[in-house]
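Coordinate inspection notes
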Amino acid sequence: MRKYARKMKRIYLDYAATTPAHPEVVKAMQSYYSNAFGNSSSIHSYGQETREAIEIARKKVAALINARSEEIIFTSGGTEADNLALKGIAYTSKDRGNHIITSSIEHHAVMETCDFLKEQGFRITCVPVDKYGLINPEDVKKAITDKTILISIMHANNEVGTIQPIAEIGKLAREADILFHTDAVQTVGHIPVDVNEIRADLLSTSAHKLYGPKGVGALYVRKGTKITSLLHGGEQENRRRAGTHNTPAIVGFGKAAELAQKELQHESKHLTSLRNKLINGLQKQVEHIYLNGHPTKRLPNNANIRVDFVEGEAMLLSLDLEGIAISTGSACSSSNLKPSHILTAIGLQPDQAHSSLRLSLGRETTEEDIGRVLEVLPQIIARLRAMSPLTKSSMQEKTNA
Ligand SMILES: *Cc1c(COP(=O)(O)O)cnc(C)c1O
């Protein structure tokens, strides 16, 4: 870890990458490591108490998305849920068709699974997005062929925060008798998600994005939907996901789901107000700064901003020295130089994508934190712009244009 010159309160503004487990979540998990450590497949009382705990957690996760318990498959996280949804349906349905519709702004877990399926002979159509990162349901409808077996469109984008019209997409999928999957990792526990309202047949979620532990997630699979398992060798999860249950993590996920359901409404309001304060404050103080993503159809906690003529990476590092943790896109694109596929899909040029920052707020974000960012970030931007010989002439040009 980097050493800081002076003691300071660190400010975490990267909740879209991961969240800290809630203290009650940690507490709920603890006894399942030591006292109640039984294997859920065992017949004896140790197994029985573990099984019961898992079923209670399953009910809580199901309740959060208005599903039935038996429609929840616990996985190792969002990535596995996405893999299971896409490969599981592709393998099951390959006799009916080989065509999958997805979007140009999906998480890598969906995008790269589609690339893999393409190598196996499936045909993938990527529908585009507009400058706000919004998908037009008409484009999805137009892409449907008699070979289409699955439509997979994320609920809200992890980088720019745009919330998709998935209820409309779910409706048209249902009308065309095509299965609909949505990666709802960024929305479950943050905004209301109801699998029946959006007519999802499959939905991915992950505990560590909603103040649960890492390494556990779930795939919702609508009752009656056949899906091929990716893991074989056990009876767990109705033979749809073999392997001894990670009981503590599943219990923690259940607790996190229960807490999220209680706090969702209040929290989303609170975060929207803090987030708007942040965006407005920056726009007031800094020239040539733009919001990426949709102004209103966006996650309550997401602020993704483009700061022209400054490298995102330079801002990230300068903020980190001030103890403020943000991201320049999704965590996975932070370490390579290719611009994020999401930012290029909304029409940004590579240099504009590289000037973009994602600040994502969460449960522990305070007014003071936002005040500190509004104090520090404009100074950093001014300093970095002053250091760049290009800035002055290009800013002048732009102001005159
Ligand atoms: C974080 C994330 C994932 C991956 O979930 P993991 O549990 O980290 O594997 C998938 N999709 C989206 C939209 C995400 O934000």
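For clarity, every value in this text was computed on a predicted model and none was experimentally measured. (Residues numbered from 1 in each chain as written. Predicted model: local features only at pLDDT ≥ 70, side-chain atom pairs only at ≥ 80, totals over all residues. Heavy atoms only, no water.)

1. Brief notes about the site of the ligand
Residues in contact with the ligand amount to 13 residues; listed here are only the nearest, Thr79, Asp183, Gln186, Ser206 and Lys209. Within the side chain of Ser206, an N or O atom sits 2.6 Å from an oxygen atom of the ligand. If the ligand stood free it would expose 380 Å²; the protein chains cover 88% of that surface. It is helix H3 (residues 78–93) that contributes the most residues to the shell around the ligand, 3 residues altogether. Considering only residue class, the shell around the ligand consists of 2 nonpolar, 8 polar and 3 charged. (Near = heavy atom within 4 Å. Polar contact = N/O pair within 3.5 Å; in protein donor to acceptor, adjacent residues only side chain to side chain. Areas by Shrake-Rupley, 256 points an atom, 1.4 Å probe, with all protein chains shown as cover. Helix = DSSP H or I, 4+ residues; strand = E, 2+ residues; numbered from the N terminus. Nonpolar A, V, L, I, M, F, W, Y, C, P; charged D, E, K, R; others polar.)

2. Overview of the packing of helix H2 (residues 45–64) against helix H8 (residues 247–285)
Running from N to C, H2 and H8 point in directions that differ by 35 degrees, and their axes come no closer than 8 Å. In the packing of H2 onto H8, the handedness of the crossing is left-handed. On H8, the residues touching Thr50, Ala53, Ile54, Ala57, Lys60, Val61, Ala63 and Leu64 of H2 are Thr247, Ile250, Val251, Phe253, Gly254, Ala257, Glu258, Ala260 and Gln261. In terms of residue class, the contact of H2 with H8 is made up of 11 nonpolar, 4 polar and 2 charged. (Axes fitted to C-alpha atoms, helices over the stretch in contact; angles between N-to-C directions. Left-handed = near helix turned anticlockwise from the far one by under 90°. Contact = heavy atoms within 4.5 Å.)

3. Some points on the nonpolar core
Ile65, Ile72, Phe74, Val140, Ile151, Ile153 and Leu203 are the most contacted members of the largest nonpolar core, which totals 52 residues. When contributions to this core are tallied by element, the ones reaching two or more residues are helix H1 (23–30), H2, strand E2 (72–75), helix H5 (137–143), helix H6 (166–175), strand E8 (217–221), H8 and helix H10 (341–345). Counting residues per element, this core draws most heavily on H8, at 7 residues. Residues from two domains meet in this core; each of domain 1 (3–20 + 264–389) and domain 2 (23–260) gives at least three. In this view, Ile72 contacts Arg58, Val61, Ala62, Ile65, Ala67, Ala218, Leu219, Tyr220 and Glu237; residues no more than four positions away in its chain are not counted. With 29 residues, the next largest nonpolar core counts Leu271, Ala303, Val307 and Ile324 among its residues. (Core = buried A, V, L, I, M, F, W, Y, C linked by side-chain atoms within 4.5 Å. Buried < 20%, exposed > 50% of the residue type's maximum accessible area, 1.4 Å probe, protein only. Domains from an automatic or database assignment.)

4. Some words on the packing of aromatic side chains
A complete count under the given rule lists 4 aromatic pairs for this structure. Both rings, one in Tyr12 and one in Tyr15, keep their centres 5.0 Å apart while their planes meet at 75 degrees; by these two values the pair is edge-to-face. Ring centres of Phe74 and Phe253 lie 6.1 Å apart, and the angle between their planes is 65 degrees; this geometry places the pair in the edge-to-face category. With a gap of 179 residues between them, Phe74 in strand E2 and Phe253 in helix H8 connect regions that are remote in the sequence. The structure contains a cluster of three or more aromatic residues connected by ring pairs, namely Tyr12, Tyr15 and Tyr211. Geometry around Tyr211 places Arg363 over its ring, the cationic atom sitting 3.9 Å from the centre. (Phe/Tyr/Trp six-rings, centres within 6.5 Å; stacked < 30°, edge-to-face > 60°. Lys NZ or Arg CZ within 6 Å of the ring centre and 35° of its normal.)

5. Here's the deal with the domain arrangement of the protein chain
The domain architecture assigned to the protein chain consists of domain 1 (3–20 + 264–389) and domain 2 (23–260). For domain 1 and domain 2, the distance between their C-alpha centroids amounts to 28 Å. The partner domain 2 presents 32 residues to the 32 residues of domain 1 that form the contact. Between domain 1 and domain 2 the total buried area reaches about 2800 Å² when both faces are included, carbon and sulfur atoms providing 57% of it. (Buried area = accessible area lost by both parts, 1.4 Å probe.)

6. Concerning helix H12 (residues 367–387)
With 21 residues, H12 should cover 30 Å at 1.5 Å per step; its first-to-last C-alpha distance of 31 Å lies within 8% of that length. For H12, the complete set of buried residues consists of Asp369, Ile370, Val373, Leu374, Val376, Leu377, Pro378, Ile380, Ile381, Leu384 and Arg385. (Expected span 1.5 Å × (residues − 1).)

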